[in-house]
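One letter stands for each residue in the lines below.
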Amino acid sequence: MENAVEINGLTKKYKDFALDVSAVIPKGFAAALIGANGAGKTTLIDTLCGVTAKNGGEAVYFGNMTDTDDDALRSRIGYCSAANYFPLDWKLKTIAECMAIGYDNFDRAHFTELCGRWSLGSPDDKKQKNMMKMSDGNRVRAALAAVFARDTDLLVLDEPASSLDPLARDQLCEMFREYLAAKDGERTILFSTHNIADMEFATDYAIFMAHGKVVEQGFVEDLKEKYILVHGDAQDGNKAKPLMISYTVNSTSFEGIALADNTTNLQAVGAVTERPTLQQLSVGILRKAEENAGK
Amino acid sequence: MRESKLTVSQAMKLYTGTGLAETILGLAAYDIIFYIGASVCMTLMIMCGEGISYPEAVRSISQTPAGDCIMVLAPAIINVIILLSQYGKDKPGGKLFRTAKGGFDTFVSYRTGAYISMLLSTIIYSGVVFLLALFGLIGLHGGVSAVIAVVVSSMAAIGVVTFLLPIKNEAVLGITSVLVMFAITGVCTVLLPMLTDSLLPHLVIGIIGAVLTAVSTKLYFRHYRMTRWDS
C-alpha cells in the first residue's frame, strides 16, 4: 500500500511542549488525528503544511517530496486551520478573488457551488456579509468550501467539524467521500477531530496522539479487530482489570477496552466483550496514554 | 524550489483584499478625509469661539502651526496601522498566507507594496492638502515647506518604526510606534519650519529617511523570517 505522507521522527520543540512523531498516512483514505487538547494535533498539522517550522525529522509527501516551501508541493496540499482561516473583513467575493491569486488550482465555479450547497450565498451576490458578521459555523463552512474548491491531492484540516452542527458534519462526511472518490484512490484526507462519533463514518484510518507522540495508529477496521470493548458487573471488575488496557468502574458496573487476544480469559471471569466503536476505542486508548504519562 | 512568484500588486491583493493602486488611492483618501474632517472641525470651533468668518478662521489657523500638526497626524496614524499589520500566525489569515503561492517571497512582496502604498499615498495626500491651502480652504502655517515636511518625515518615521517591529509585546510596540511617528513628524513639520526657512534640512531628512527605510526593511525581513515565519 502506498502512503500519501510518511512522517519519520518529525520534531518540534516549544518551552513546555515537544512533538516527536513517526506515522504514516495511507494514500486514498481519510485519516483522523485523535487526541486530547494539547496532544499536539495542531502542531503536527501546522508542521506538515509548512505553517510551523520543524526542528528535526522529515515528512515525505507523495513518495518523494519533502520541501514544504516548494510551490509544487504546496499546490498539492489543501490546508485549513481550526479558526481565523481568513481575515475577518473578507467576503465570499474577496475569498474567491484571493484564493485564485494564492493558488493556481482554485476553481471559482466549484467554490460557488459549494457555497450554495452550504447556504452561504454566492461570491457573485451584490450584498454579502464579511467573515466578522458570519457565525462561527458559517466561517468554517466558507473556509472548507474554499479549500475543497482547490484541485489538491491531500487535504489537511484542523478541527473541521468543531463548529459545525450535526447536519453540517454529515454533509462534511459526504464531501470527504466525494473528494476521495473523485480521483479514485489518488486523494487523501488528514483531519483532526474531537467529534469522533460524528466523524466515524468518514474515518478510514486513525492516528491517536497524546503528549506530542503517536500512541496508536491503524485502519479503523483493524483496530476494531485488535481491541475489544469489555464491560460487566462491578463485582467481576477486579478479576478483569489486569487483562484490560483501560478500566473505569462505578458502583454497579465496569467498562474499558482490552486486546482482543484476551477475549477468552475475560469472558471466563464473567465479562462481556463487544466490538468497540471508534469513540469507545479512542477513550480507552487515550485514557491509557494519560495513565502512562502520569506514571 | 519555488517556481511561481506573485507581483507586488497580487501579493497586496492576496494579503489585504485590495491591489496596489486601489490601496494607494484608498490610503490617500483616508488621509484626506481624516485631515479635512479634523481641519474643518478646528476651523468651525474657532469661528464659533471667536465669532469670526470662515476665511478669517482659516487665516487665524495659518498663523500658528496647529493646522500643520493636524496635517501630520493623518498619515502618521494610518501608516502606523499599516506597519503593524504583520499577519502573524495567530492572526486571522496568518496561517492561510503561509501556505499560499510563493510563501515568504509573497510576504516580502506584500510588505514592499505596503511601503510603496504608504509613500505614494502620503505624496498624493500632501499634494491635495497643498491645493486646498492654495485655494484658501484650509490654513497651513508652513506652506510648501510643511507639505514637503509631511512626505520626508513620514519616510523617516516609517524607517524608524520598522526598526521597532521586532518588539514582541503588541501593546508596547503600538504605543512606541505611535510616539515615535508623532515625534518625528512633529519635529519635521512644526519645529524645523520655525527654526529655518531653508528646505535643506528637509532634503537631508528625506535622504536619511530613505536610507533608514531601506536598511530597516532589510533587517526586518531577515528577523521576521528567522523569528516568526520559520518559528
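Rules of the game
- Throughout this description, residue numbers start from 1 for each chain and increase along the sequence as written.
- Labels follow written order: the first chain is A, the first ligand is 1, and so on.
- Where local features are concerned, this predicted model is filtered to residues with pLDDT of at least 70; where side-chain atom pairs are given and counted, the filter is 80 or more; whole-chain, interface and lining totals use all residues.
- Excluded from the side-chain calculation are hydrogens and water; included are all heavy atoms of the structure.
- The contact criterion used is simple: two residues touch if any of their non-hydrogen atoms lie within 4.5 Å.
- Accessible surface is computed with a 1.4 Å probe, and the buried area is the amount of it that two parts give up when combined, taken over both parts together.
- Every case where a carboxyl oxygen of Asp or Glu lies within 4 Å of a side-chain nitrogen of Lys or Arg is listed as a salt bridge.
- Pairs of N or O atoms are called polar contacts if they sit within 3.5 Å, as long as, within protein, a hydrogen donor faces a hydrogen acceptor (for residues adjacent in sequence, only side-chain-to-side-chain pairs).
- Each residue receives one of three labels: charged for Asp, Glu, Lys and Arg, nonpolar for Ala, Val, Leu, Ile, Met, Phe, Trp, Tyr, Cys and Pro, and polar for the others, Gly being one of them.
- Axes, fitted as lines to C-alpha atoms, cover a helix only where it is in contact. Angles between the N-to-C directions of the axes lie from 0 to 180 degrees.
- Helix and strand labels come from DSSP, where a helix needs a run of H or I of at least four residues and a strand needs a run of E of at least two; each type is numbered from the N terminus.
- We call two directions roughly parallel when the angle between them is under 35 degrees, roughly antiparallel when it is over 145, roughly perpendicular when it lies between 65 and 115, and oblique otherwise.
- With the far helix as reference, a near helix turned anticlockwise by less than a right angle produces a left-handed crossing, and one turned clockwise produces a right-handed crossing.
- Working definition: with a 1.4 Å probe on protein chains only, accessible area under 20% of the residue-type maximum means buried, over 50% means exposed, and in between means partly exposed.
- All the domain ranges listed were derived from an automatic or database domain assignment.
- A helix is expected to reach a length of 1.5 Å times the quantity of its residues less one.
- Criterion used throughout: strands pair if DSSP finds at least two bridges between them.

Enquirer: Explain the interface of chain B and chain A here, please?
Expert: Note on interface size: it is often stated as the accessible area lost on association of the parts. On the side of chain A, 28 residues touch chain B, which itself brings 28 residues to the contact. Both sides together, the interface formed by chain B and chain A hides about 2300 Å², and carbon and sulfur atoms give 52% of it. Counting across the chain B and chain A interface gives 4 salt bridges. For the pair chain B and chain A, the interface holds 15 residue pairs in polar contact (both at pLDDT 80 or more). When the residues that make up the side of chain B that touches chain A are grouped by side-chain class, the tally is 9 nonpolar, 9 polar and 10 charged.

Enquirer: Would you mind showing me how to read the packing of helix H2 (residues 20–50) of chain B against helix H3 (residues 54–62) of chain B here?
Expert: Two measures define how a pair of helices packs: the angle their axes make with one another and the distance between the axes. Residues and elements named next belong to chain B. Two numbers describe how H2 lies on H3: the axes approach to 9 Å, and their chain directions differ by 110°. Classed by the angle they form, the pair H2 and H3 counts as roughly perpendicular. Between H2 and H3 lies a crossing whose hand is right-handed. Packed against H2, whose contacting residues are Val40, Met42, Thr43, Ile46 and Met47, the element H3 presents Tyr54, Ala57, Val58, Ser60 and Ile61 at the interface. Across the contact of H2 with H3, the residue classes tally to 8 nonpolar, 2 polar and no charged.

Enquirer: Sorry, what's going on with unusual backbone geometry here?
Expert: Trans peptide bonds make up most of the peptide bonds, and negative phi angles are found at most residues other than glycine. All names here are of chain A. Phi is positive for phenylalanine 62, which is not a glycine, with a value near 50°. Position of phenylalanine 62 among the secondary structure elements: in the loop between strand E4 (56–61) and helix H2 (71–74). Here the phi dihedral of aspartate 184 falls at roughly 45°; this positive angle occurs in a residue that is not glycine. Relative to the helices and strands, aspartate 184 is located in the loop between helix H6 (166–182) and strand E7 (188–193). Of the residues examined, aspartate 184 reaches a relative accessible area of 68% and is grouped as exposed.

Enquirer: Sorry, what's going on with the domain arrangement of chain A here?
Expert: All names here are of chain A. Taken as a whole, chain A is organised into domain 1 (3–218) and domain 2 (223–294). The C-alpha-based centres of domain 1 and domain 2 are spaced at 33 Å. At the interface, 16 residues of domain 1 touch 13 residues of domain 2. Of the roughly 1100 Å² buried where domain 1 meets domain 2, counting both sides, 70% is carbon and sulfur surface. For the domain 1 face of the interface with domain 2, the top three residues by lost area are Glu200, Phe208 and Glu216, together amounting to 44%. In this structure, the connection of domain 1 to domain 2 is made through 2 salt bridges. Note that lysine 224 and glutamate 200 form a salt bridge whose closest N and O atoms lie 2.7 Å from each other. Breaking the side of domain 1 that touches domain 2 down by element, the ones donating at least two residues are strand E3 (30–35), helix H7 (196–199), strand E8 (205–210) and strand E9 (213–219).

Enquirer: So what exactly am I meant to see when it comes to the packing of helix H3 (residues 92–102) of chain A against helix H1 (residues 8–16) of chain B here?
Expert: Two numbers describe how H3 of chain A lies on H1 of chain B: the axes approach to 9 Å, and their chain directions differ by 135°. The angle between the axes of H3 of chain A and H1 of chain B places the two elements in the oblique class. As H3 of chain A packs across H1 of chain B, the resulting crossing turns out to be left-handed. For the pair H3 of chain A and H1 of chain B, contact is made by Glu97, Cys98, Ile101 and Gly102 of chain A and by Gln10, Lys13 and Leu14 of chain B, respectively. Across the contact of H3 of chain A with H1 of chain B, the residue classes tally to 3 nonpolar, 2 polar and 2 charged.

Enquirer: Teacher, can you tell me more about helix H11 (residues 278–294) of chain A here?
Expert: At 3.6 residues per turn, the α-helix brings residues three or four places apart onto the same side. The end-to-end C-alpha distance of H11 of chain A, which contains 17 residues, comes to 24 Å, matching closely the 24 Å that a straight helix rising 1.5 Å per residue would cover. Of the positions making up H11 of chain A, those classed as buried are Leu278, Leu281, Ser282, Gly284, Ile285, Leu286 and Ala289 of chain A.

Enquirer: Sorry if this is basic, but what is going on with the pairing of strand E1 (residues 3–13) of chain A here?
Expert: For a regular strand, the rule is simple: side chains alternate between the two faces of the sheet. All names here are of chain A. In this sheet, strand E2 (residues 18–26) lies alongside E1 in antiparallel orientation, the contact comprising 8 bridges. Considered in E2, the bridge of glutamate 6 is made with valine 24. Connecting E1 to the antiparallel partner E2 that follows it, the hairpin turn spans 4 residues. In terms of strand pairing, E1 meets E4 through 5 bridges, oriented antiparallel. Following the sheet pairing, glutamate 6 is matched in E4 by valine 60.

Enquirer: What am I meant to see in the pairing of strand E12 (residues 253–259) of chain A here?
Expert: Residue and element names in this part refer to chain A. Taken together, the 7 bridges between strand E10 (residues 227–233) and E12 define a ladder with antiparallel strand orientation. In the strand pairing of E12, leucine 229 is matched with isoleucine 257. The pairing of strand E11 (residues 248–249) with E12 spans 2 bridges and is antiparallel. Across the sheet, threonine 248 pairs through a bridge with glutamate 255, a residue of E12. Between E11 and E12, which follow one another and run antiparallel, lie 3 residues.

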